[in-house]
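Residues per chain, in single letters:
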Amino acid sequence: MKELLRTKGYKATPQRELIFECFLAAGRHITVDELYQKVRLKDSSVGHSTVWRNLKLICKLGLAEEVNLGDGLTRYDRITPEPHGHLYCLECKKLVEFDMAKLLPALNETAQGSRFQPVGFKIEIQGYCDSCGERLGVTGENSYNGSGTKNVGKKERGKNDDLS
Ligand SMILES: [Zn+2]
Ligand SMILES: [Zn+2]
């Protein structure tokens, strides 16, 4: 980690190293606040803005990227060697990853069909996880066909009405 920082021209201060370590140890999809809590357990002198600035640096160095799901929280996701998609539960806000390998040929074909050179894919499936689906009475019979969700009272969040 020190090496990486130095080769990119950044100082490896103890606080910075701690924040990087905590981020890498935390797994995926962490918010600034969550990371801040983790860092504070190890060093209570680290400020919130320091954590935030270093998260931005982590992204800049290509180790992570921001994930915005329209719920007002910015999550930071480690960049994985293989692209992954997200399953997002609209009820409990849980975010689960899935392997996109199976989808890649179709995605590439779609892009090429439009004479478009893809450099990355972001796939997010919105819906309800098993336990929320059961509680809300949304069952597996309601597979989505593009006509809108039927048995769910909540307005579905469209890709295009993201106000951020
Ligand atoms: Zn992810
Ligand atoms: Zn859920």
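The preceding data block contains the structure.
Residues numbered from 1 in each chain as written. Chains lettered and ligands numbered in written order. Predicted model: local features only at pLDDT ≥ 70, side-chain atom pairs only at ≥ 80, totals over all residues.

Novice: Explanation requested: the sheet that holds strand β6 (residues 124–127) in the structure shown.
Specialist: Within a sheet, neighbouring strands are paired by backbone hydrogen bonds and run either parallel or antiparallel to one another. On the basis of which strands lie adjacent, the open sheet formed by 3 strands has the order β5-β4-β6 and mixed pairing. The open sheet is flanked by β5 (95–99) and β6, the only strands paired with a single partner. Averaged over neighbouring strand pairs, the angle between their axes works out to 25° when direction is ignored. Relative to β5, strand β4 (residues 84–89) runs antiparallel, the two sharing 5 bridges. Paired with H84 across the bridge in β5 is D99. (Pairing = 2+ DSSP bridges. Helix = DSSP H or I, 4+ residues; strand = E, 2+ residues; numbered from the N terminus. Axes fitted to C-alpha atoms, helices over the stretch in contact; angles between N-to-C directions.)

Novice: I would appreciate a short explanation of unusual backbone geometry in the present structure.
Specialist: Most peptide bonds take the trans configuration, and most residues that are not glycine carry a negative phi. Unusually for a residue other than glycine, H29 sits at a positive phi of about 60°. Tracing the backbone shows H29 in the loop between α2 (14–26) and β1 (30–31). The exposure class of H29 is partly exposed, given the 19 C-beta atoms found within 10 Å. Here K93, not a glycine, exhibits a phi torsion of approximately 65°, which is positive. Its place among the elements puts K93 in the loop between β4 and β5. (Buried ≥ 20, exposed ≤ 12 C-beta atoms within 10 Å, placed from the backbone.)

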